[in-house]
Amino acid sequence: MTKTKVAVLISGAGTNMAALLYAAKLPDCPYKIVLVASNNPEAEGLNIAAAEGVPTYGKSHVGLNRVDHDLIIHDQITQAGATYVALAGYMRILSRDFVEKWDGRMLNIHPSLLPKYKGLNTHQSAINAKECVAGCSVHLVTAELDDGPVLGQIEVTVLPGDTAESLAARVKMAEHQLYPKILAEYVVRETNPEYLILQVRKLALAQPEAHEVLSHGMPCFGIIGGKKFAYVSVDHHGDGKTALLVKISGAEEQGMLIDSDGERYYRPAYFGDGWVGIRLDLGDTDWNHVGDWIAKSWRAVAPKKLAKLMDVAADF
Ligand code: GRF
């Protein structure tokens, strides 16, 4: 199984990072931790990660502006090959640039049942509000603090006499259960054929006069009454791949693509030289790029009249 590479950012104890890291040691865990980085070089969690042989990086933000510090951390994450970021008690507000770069690929854990009690002092706030139930949430990170779509939550009962500390301790136990599970589910989504077909479908049906049919069991997209411009190949003849097949100019382009990235591009069986297979199940699919491929493929088969009409519309 190819494991998705995840970088974890921490500022302190790193118990959530440890939960992610130890869960990653289970054989069927779909992700692995390739870097633990911190804005606090003294963060206790860095020692836990180092002891487990996970590369660590500590760089204080003191004296650096937010954007520059974020850039340094971003470089470390990309150099480590991570395609996802898990924030686990990272006590820094992130620059808009950084958040945009990791859009849809950065998760955070927060000790409340979001949308309730964003920010700090969540446990005391829940107790003050006489809540019977508190808890924790894992959510996607967006530019607003603790505001992105919630991916999962665990409720924790508030006991009579609970203090912020006693409640926090139980919520932490719940956090350690929640984060590994949700992260695993989230990264797997990107290799799940159903999810991948859905993404291609959205892009393909956005092309003018596009429609979907089933061809030899494959979801296939064509121009109504015309030619096909995209197929989704799922485990075709047991090849174990989920891929998009699009039109190309011929053997030369096919060879060039395969030479440039032999893991991603391949010659699809039974399709000849006029098509190329693009793997969608490698966990790092750039959907803008896939959209460009689909548009290019549509154009390659579109009747001249229709393509011209589109040009006129685009110029307008
Ligand atoms: C956790 O409570 C988490 O929800 C919050 O920061 C705390 C980090 O704790 N975002 P730890 O460093 O993982 O122990």
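Residues numbered from 1 in each chain as written. Predicted model: local features only at pLDDT ≥ 70, side-chain atom pairs only at ≥ 80, totals over all residues. Heavy atoms only, no water.

## Section: the overall build of the protein
Operational definition: Helix numbering and strand numbering both begin at the N terminus, where a helix is a DSSP run of H or I of at least 4 residues and a strand a DSSP run of E of at least 2. Each residue gets one of three labels from its accessible area relative to the maximum for its type: buried under 20%, exposed over 50%, partly exposed in between, using a 1.4 Å probe on protein chains only. What makes two residues a contact is simply this: any of their non-hydrogen atoms within 4.5 Å. Here the Shrake-Rupley method, with its probe set to 1.4 Å, supplies the accessible areas, and only the displayed protein chains count as covering residues. Neither His nor the chain ends contribute to the count of charged residues, in which Lys and Arg are positive and Asp and Glu negative. In plain terms, the charge of a residue is placed at NZ if it is Lys, CZ if Arg, CG if Asp and CD if Glu.
Per the secondary structure count, the protein includes ten helices and 13 strands. Summarising its shape, the C-alpha atoms of the protein cover approximately 75 × 45 × 40 Å along the three principal directions. Sorting the 316 residues of the protein into buried and exposed places 48% on the buried side. Once local pairs closer than 6 in sequence are excluded, the contacts in the protein between residues at least 24 apart make up 58%. For the protein, the accessible surface area stands at approximately 16,000 Å², while carbon and sulfur atoms represent 55% of it. Positive and negative charge centroids in the protein, built from 31 and 37 side chains respectively, lie 4 Å apart.

## Some remarks on the site of the ligand
Heads up, the condition is: Whether a residue is near a molecule or strand depends on its heavy atoms: it is near if one of them lies within 4 Å of it. Within 3.5 Å is the distance limit for a polar contact, defined as a pair of N or O atoms, with the added protein rule that one can donate a hydrogen and the other accept it, and that residues adjacent in sequence qualify only through two side-chain atoms. Cavities and pockets are defined on a 1 Å grid built over the protein atoms alone: a cavity is a set of grid points where a 1.4 Å probe fits but cannot escape, while a pocket is an open set with protein on both sides within 12 Å along at least five of seven lines, and lining residues are those with an atom within 4 Å of any such point. Molecule-in-pocket calls rest on the fraction of atoms, with more than half required to lie within 2 Å of the cavity or pocket grid points.
Lining the immediate environment of the ligand, one finds Ala 13, Gly 14, Thr 15, Asn 16, Gly 89, Ile 109, His 110, Pro 111, Lys 172 and Glu 175. A distance of 2.9 Å separates a nitrogen atom of the ligand from a polar atom in the backbone of Ile 109. Protein contact buries 84% of the 360 Å² of open area that the ligand shows by itself. The site holding the ligand turns out to be the largest pocket.

## Notes on the packing of aromatic side chains
The condition is simple: Aromatic pairs are defined between Phe, Tyr and Trp rings, using the six-membered ring for Trp, whenever the two ring centres lie within 6.5 Å; interplanar angles under 30 degrees are classed as stacked, those over 60 as edge-to-face, and all others as tilted. Charge-over-ring placement is defined geometrically: NZ (Lys) or CZ (Arg) within 6 Å of the ring centre, and within 35 degrees of the ring normal.
The final tally for this structure, using the stated rule, is five aromatic pairs. With centroids separated by 5.0 Å and ring planes inclined at 80°, the aromatic side chains of Tyr 231 and Phe 271 adopt a geometry described as edge-to-face. On the criterion of sequence distance, the pair formed by Tyr 231 in strand S10 (residues 228-234) and Phe 271 in the loop between strand S12 (265-266) and strand S13 (275-279) is long-range, its members being 40 residues apart. In terms of burial, Tyr 231 and Phe 271 fall into one category: buried. Where Phe 271 meets Trp 275, the ring centres are 5.6 Å apart and the plane angle is 75°; that geometry is what we call edge-to-face. As far as the burial class goes, Phe 271 and Trp 275 line up, both buried. In this structure an aromatic cluster arises from ring pairing among Tyr 231, Phe 271 and Trp 275. The lysine or arginine in question, Lys 241, covers the ring of Tyr 266, its NZ or CZ lying 3.9 Å from the ring centre.

## Quick word on the layout of surface pockets
Definition in use: Grid points are joined across faces, edges and corners, and a volume is the space filled by probe spheres set on the points. Put simply, Ala, Val, Leu, Ile, Met, Phe, Trp, Tyr, Cys and Pro go in the nonpolar bin, Asp, Glu, Lys and Arg in the charged bin, and everything else, Gly too, in the polar bin.
Here the largest pocket is characterised by a volume of approximately 910 Å³. Among the elements of the structure, helix H1 (15-23), strand S5 (106-110), helix H5 (122-128) and helix H6 (164-189) are those that each provide at least two residues to the lining of the largest pocket. By residue class, the composition of the lining of the largest pocket is 16 nonpolar, 14 polar and six charged.

## Quick look at the sheet that holds S13
Put simply, the test is: When DSSP finds two or more bridges between a pair of strands, those strands are recorded as paired.
Here six strands make up an open sheet; going across it, the order is S8-S9-S10-S11-S13-S12 and the pairing antiparallel. Across the chains shown, the open sheet's two edge strands, defined by having one partner strand only, are strand S8 (210-215) and S12. Of the pairings in the sheet, the one linking S8 to strand S9 (residues 218-223) comprises six bridges and is antiparallel in character. The partner of His 211 across the bridge, within S9, is Gly 222.

## Things to note about empty space enclosed by the protein
According to the stated counting rule, one finds one cavity of 30 Å³ or more in the structure shown. In this structure, the largest cavity spans a volume of roughly 50 Å³. Lining of the largest cavity is provided by Pro 111, Ser 112, Leu 113, Lys 116, Tyr 117, Thr 122, His 123, Ala 126, Val 133, Ala 134 and Gly 135. Those elements giving two or more residues to the lining of the largest cavity turn out to be H5 and strand S6 (133-140). By residue class, the composition of the lining of the largest cavity is six nonpolar, four polar and one charged.

## Here's the deal with the pattern of salt bridges
One side chain can pair with another of opposite charge once the charged atoms of both are near each other. Threshold: For this document, the term salt bridge refers to a Lys or Arg side-chain nitrogen within 4 Å of an Asp or Glu carboxyl oxygen.
Under the criterion given, the structure shown has twelve salt bridges. Linking Lys 25 and Glu 52 is a salt bridge whose minimum nitrogen-to-oxygen distance equals 2.5 Å. Taken together, the positions of Lys 25 in the loop between H1 and strand S2 (31-38) and Glu 52 in the loop between helix H2 (44-51) and strand S3 (56-58) put the pair 27 residues apart, joining distant regions of the chain. The residue Asp 273 makes a salt bridge to Arg 267 at a minimum N-O spacing of 2.6 Å. Bridged by salt links that share partners, the residues Arg 105, Arg 189 and Glu 190 form one connected network.

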